[in-house]
Amino acid sequence: MIQLHVSTAVAVCSCGCVLSTNRRREATRAIPCNAKFAFDHVFPEQSSQLQVFQKTTKPILQDVLSGHNVSVFAYGATGAGKTHTMLGHGGEPGIIVLTMVELFEQLRQRSQEYETDLSVSYLEVYNETIRDLLNPSVGVLNLRESGDGVVMALLTKGNQNRTQHPTDANATSSRSHAVFQLHVKQTPRNSGTTAHVLTAKMSLIDLAGSERASATSNRGARMREGANINKSLLALGSCINALASTARRKPHVPYRNSKLTRLLKDSLGGNTRTIMLANVSPSYGTYDDTFNTLQYAKSAKNIKKSASAWRRTRPL
Ligand SMILES: Nc1ncnc2c1ncn2[C@@H]1O[C@H](COP(=O)(O)OP(=O)(O)OP(=O)(O)O)[C@@H](O)[C@H]1O
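Residues numbered from 1 in each chain as written. Predicted model: local features only at pLDDT ≥ 70, side-chain atom pairs only at ≥ 80, totals over all residues.

Per an unreviewed UniProt entry, the chain goes by the name Kinesin-like protein and belongs to Monosiga brevicollis. Word for word, the UniProt comment on the chain under Sequence similarities (unreviewed entry) is "Belongs to the TRAFAC class myosin-kinesin ATPase superfamily. Kinesin family." (UniProt positions renumbered as here; feature names shortened; annotations may be inferred.)

Q: Describe the overall build of the chain, listing the residues and the values that go with them.
A: Looking only at helices and strands, the chain features ten helices and 15 strands. When the 316 residues of the chain are sorted by exposure, 40% land in the buried category. For the chain, the proportion of contacts with a sequence separation of at least 24, taken over those separated by at least 6, is 70%. (Helix = DSSP H or I, 4+ residues; strand = E, 2+ residues; numbered from the N terminus. Buried ≥ 20, exposed ≤ 12 C-beta atoms within 10 Å, placed from the backbone. Contact = placed C-beta atoms within 7 Å.)

Q: A description of the UniProt feature "binding site: ATP" (unreviewed entry) in the chain should follow, citing residues and the corresponding values.
A: What UniProt calls "binding site: ATP" (unreviewed entry) maps, in this numbering, to G76, A77, T78, G79, A80, G81, K82 and T83. You can see G81 is positioned in the loop between β5 (69-76) and α4 (82-86). As for its position among the elements, K82 is in helix α4.

Q: Outline the pairing of strand β12 (residues 177-188), supporting the account with residue identities and numerical values.
A: Looking down a regular strand, the side chains alternate between one sheet face and the other. For strand β8 (residues 114-126) and β12, the ladder comprises twelve bridges, and the chain directions are antiparallel. Considered in β12, the bridge of L118 is made with V184. Strand direction decides the pairing type here: β12 and strand β13 (residues 197-206), joined by nine bridges, are antiparallel. Of the residues in β13, the one forming a bridge with A178 is D206. (Pairing = 2+ DSSP bridges.)

Q: Describe the environment of D266, naming the residues involved and giving the relevant values.
A: Mapped onto the secondary structure, D266 falls in helix α9 (residues 265-268). For D266, a count of 14 C-beta atoms within 10 Å translates into the label partly exposed. Sequence separation between D266 and V70 is 196 residues; the distance between their C-alpha atoms is 9.6 Å. Among residues more than four places away in sequence, those in contact with D266 are N69 and T272.

Next comes the structure, spelled out in structure tokens:
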């Protein structure tokens, strides 16, 4: 399922492509007006964080509780609002925080029936290396899962450790991809029932923003970060295109081309329900970025997967 998250004002022209209203004619000249995009939801600028959460992520919490893996990721150009959507700020908590609140409430309601074990990992992919945001002193991590503890505190701690630097496009630009993963294991309390142990992994991902080198004045470290971000997003795009291929002979999916795609392998092509949020800015200055984001999301929407419950039966 693809969700299009429009973080600020956008008008949809009659042919279906998304253009900012005041520059619609010029934009139409720049890119032929025959592009059509269809998404499950479009959120205009007045949408609240809660509305975005309720339409996109809340419905799939039921899948987590019934033992399905799910993932939610935000994609878009730098400054388009991905971190705002996924993490939010003090008064406007984003999807990750709202998910935690709702998930804890739903687990509380099931607490008579199931005993729950939760573990958390929070990783960032920065310049093609993986760091554990919950324990950065460990340095670079090999690909593995780690981390247990009190979820909200861990989230805050991880965010403080995340790599951010000001750029021309965004004063608080995330220079890494952040992957927050929750592992939920529910064990039936009543050993006399036929209920199964249910395990699920929920991945909430704030991707770093794509950026056009020609449109930034980034130099040195910022330029190297930008190049690595683009390289990994390109690798992600190649995997999405391969997964979305309708060719009879399925093409090879190049997961091994970047650390990001290796990390997201089971969130993209595996037994997982995925929601992609495509963030776009209303500014005419970002028209090309908007168009690219919509194209990227359109490809992702073609991925067909079937998720089935991953259940382990414990001897009762
Ligand atoms: N829907 C929104 N409502 C209010 N403010 C927003 C919204 N979306 C983004 N912003 C603001 O715009 C700025 C850029 O947003 P944000 O940092 O989320 O972008 P980003 O896509 O994560 O960028 P990058 O890829 O560079 O990290 C921030 O100051 C953020 O608070």
